[in-house]
Structures are given as C-alpha cells and as structure tokens.
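Architecture at a glance
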Amino acid sequence: AQTVTQSQPEMSVQEAETVTLSCTYDTSESDYYLFWYKQPPSRQMILVIRQEAYKQQNATENRFSVNFQKAAKSFSLKISDSQLGDAAMYFCAYRSATSSRNMLTFGGGTRLMVKP
Amino acid sequence: DAGVIQSPRHEVTEMGQEVTLRCKPISGHDYLFWYRQTMMRGLELLIYFNNNVPIDDSGMPEDRFSAKMPNASFSTLKIQPSEPRDSAVYFCASTIGANTEAFFGQGTRLTVV
C-alpha cells in the first residue's frame, strides 16, 4: 500500500518570506499523481497544486511551486512571498493512476503559521 | 456549480443513536470518497465508490459503519449505534475520472456524547 509522510508537524514563516514543506511517499508504481491541499480553519479542503508523475517539469501555481524528485519519492511545496492567509494545515496526497487503486492517500499534515 | 454538498454541517448525538451523514457529489463526477479526520489519525479513507459501486471499503472501522450510493447524485454514511470514539469530521469528496484531483465538501463535524 502507498504511504505518504510529512515529517514536519509544524512550520512557521515570516510574512513575505519563503517556506518549504516536505513530503515523501512510498510506492512501487511508476504512474501516479501528487497533490498539495490546504485546509484553513474553516476546514474546507482546497487544492493548491498537482503534479503528474510522468511530467519532469515541476508544477507552479502563482506563489506555489513544487520540487518533484521521482527517484527520491519526494514532493515538497514551496510557498514564496508568504501571506497571512497562507496560514493553514497543508496535506500532501498521492493518487495511483491504476484504476484498481484509485483512492487518494494523505500524509499527516503540516501546520503552517505565518508571522506578521 | 455548487460543489460537493454535505449535510448536516454539525451533528451532536447521544451514544447509541443512529447517525446518517449525507453527500451530494458534483454532477458528472463518477468517483465518490468518504474520509474521516481526527487529530490522532489524520485523514482516513473509509470507503470509495466508482459509478455508484463500492470499490474499497477496507477503511470502514467496523460493522457499525455502512455506506450507500443509490444513485450518481447521492450517498450516505450511516453509523449505528454511534459511540463517542466516532466523534470526528467526516468529509465527502468526488472526482471525475481516475486521474484528477478530488473536490471536497465542507465536512460534517460529528460529536457523540
């Protein structure tokens, strides 16, 4: 079974600075998808960014970018120019591209605090 | 599109009572997932459906939990009888196809006293 590990339970960053959240995963598959979700205090799960494993280019969405290292099974999220509204729980998730195992598996989450 | 709709948003019930959580996925989505979120265990997949058929229910904690999807626009998660350890936030999510991100509902916060 696939597992997703987020080794940083909490992180803090100064407003306007850059922070990187770590995620590693374990899989024997070669085709899969990776996601970062944000969960603010409202508890709504919001997709931040996605990455297809077959793509070598790292995904970018405005201030959010990833560092996808397939061989190392690493998928970190970089937040640039951090804003107060970025404070939230962040979850890394894995989804197999194999139709028989299509569930979304989540890491334990990282709580990000942004200091003004 | 209204997104994934869950009801109720909050539920407080007494131990031993039956609880039914409801979910309406996004129209056209063919996958539906039920997750439970607690501080201790994080986000756990309980069960998921594809085209209304349960595919994997290995995450359902025990026989007290059951889930149905009678049609493409509605699913329920039932707990009978409920216990205090079932207190958690329950999320429903849906996707279109097998290779896209999941869209989540607002969740139901269940408290069993």
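Quick summary incoming for the structure in this document.

Reading guide: rules and limits
Sequence order sets the numbering: in each chain, residues are counted from 1 along the sequence as written. The lettering of chains begins at A and the numbering of ligands begins at 1, in the order of writing. Only residues with pLDDT of at least 70 get local features here, since the model is predicted, and only at 80 or more are side-chain atom pairs given and counted; chain-wide, interface and lining totals rely on the full set of residues. In computing side-chain properties, one takes all heavy atoms of the structure into account and sets aside hydrogens as well as water. We count a stretch as a helix when DSSP gives it H or I for four or more residues in a row; a strand needs E for two or more, and each element gets its number in order from the N terminus. Note on classification: 1.4 Å probe, protein chains only; a residue is buried when its accessible area is under 20% of the maximum for its type, exposed when over 50%, partly exposed between these limits. Throughout, a residue-residue contact means that at least one pair of heavy atoms, one from each residue, lies within 4.5 Å. Strand pairing follows a simple DSSP-based rule, namely that at least 2 bridges must link the two strands. Note on geometry: axes are C-alpha line fits, over the in-contact stretch for helices, and angles between N-to-C directions span 0 to 180 degrees. Put simply, a disulfide is two cysteine sulfurs that come within 2.5 Å. Any pair of Phe, Tyr and Trp rings, taking the six-membered ring for Trp, is counted once the centres come within 6.5 Å. Such a pair is stacked with planes under 30 degrees apart, edge-to-face with planes over 60 apart, and tilted for the rest. Simply put, the buried area is the total loss of 1.4 Å probe accessible area from both parts when two parts are fitted together. Here, a salt bridge means any Lys or Arg side-chain nitrogen found within 4 Å of an Asp or Glu carboxyl oxygen. N or O atoms within 3.5 Å of each other form a polar contact, as long as, within protein, one can give a hydrogen and the other can take it, and as long as residues adjacent in sequence are counted only when both atoms are side-chain atoms. Gly falls in the polar group here, along with every residue not listed as nonpolar (Ala, Val, Leu, Ile, Met, Phe, Trp, Tyr, Cys, Pro) or charged (Asp, Glu, Lys, Arg).

1. Some points on the overall build of chain A
A tally of regular secondary structure across chain A gives zero helices and twelve strands. Secondary structure elements of chain A occur, N-terminal to C-terminal, as β-β-β-β-β-β-β-β-β-β-β-β. Per-residue burial over chain A gives 52% buried out of 116 residues. Looking at chain A alone, contacts between residues at least 24 apart form 55% of all its contacts between residues at least 6 apart.

2. Brief notes about the side chain of D86 of chain B
In this fold, D86 of chain B is placed in the loop between β8 (74–79) and β9 (88–95). Not counting residues up to four positions away in its chain, the partners in contact with D86 of chain B are R36, R64, F65, I79, P81, L110 and V112 of chain B.

3. Comments concerning the sheet that holds strand β3 (residues 19–24) of chain B
All names here are of chain B. A sheet is described by the order of its strands in space; here four strands give the open sequence β1-β3-β8-β7, paired in antiparallel fashion. Edge positions in the sheet fall to β1 (5–7) and β7 (65–71), since each has one partner strand and no second. When the angles between neighbouring strand axes are averaged without regard to direction, this sheet yields 15°. Pairing of β1 with β3 involves three bridges; the strand directions are antiparallel. Following the sheet pairing, Q6 is matched in β3 by C23.

4. Here we look at the state of the cysteines
Chemically, a disulfide is nothing more than a covalent bond linking the sulfur atoms of two cysteines. Residues and elements named next belong to chain A. Tallied over the entire structure, the rule returns two disulfides over all chains. Shown here is the disulfide that connects C23 with C92, its sulfur atoms set 2.0 Å apart. The S-S bond linking C23 to C92 shows a torsion near -70°; that makes this disulfide left-handed. Taken together, the residues span a long stretch of sequence, with C23 in the loop between β3 (19–21) and β4 (24–26) and C92 in strand β10 (residues 88–96) at a distance of 69 residues. Each member of the pair, C23 as well as C92, is classed as buried.

5. Quick look at the packing of aromatic side chains
Here a ring pair, both rings aromatic, is described through the centre-centre distance and the interplanar angle of the planes. Across all of its chains, the model carries 17 aromatic pairs over all chains by this definition. Taking the centre distance of 6.0 Å and the plane angle of 70° together, the rings of F106 of chain A and F104 of chain B count as edge-to-face. Remark: F104 of chain B occurs in strand β10 (residues 103–104) and F106 of chain A occurs in strand β11 (residues 104–106); the pair is interchain, linking two chains. For F106 of chain A, a relative accessible area of 8% corresponds to the buried category. Among the aromatic side chains, those forming a connected cluster through ring pairs are F35, Y37, F91 and F106 of chain A together with Y31, F33, Y35, Y48, F91 and F104 of chain B.

6. A short note on the interface of chain A and chain B
Taken together, the contacts link 19 residues of chain A with 25 residues of chain B. Interface area for chain A against chain B, summed over the two sides, is near 1900 Å², with a carbon-plus-sulfur share of 48%. If you sort the residues of chain A by the area they bury against chain B, R43, R95 and M103 of chain A come out on top, with a joint share of 34%. The interface formed by chain A and chain B contains one salt bridge. Between R50 of chain A and E101 of chain B there is a salt bridge, with its nearest N and O atoms 2.8 Å apart. Taken together, the links from chain A to chain B amount to ten residue pairs in polar contact (both at pLDDT 80 or more). In the side of chain A that touches chain B, the residues fall into nine nonpolar, six polar and four charged.

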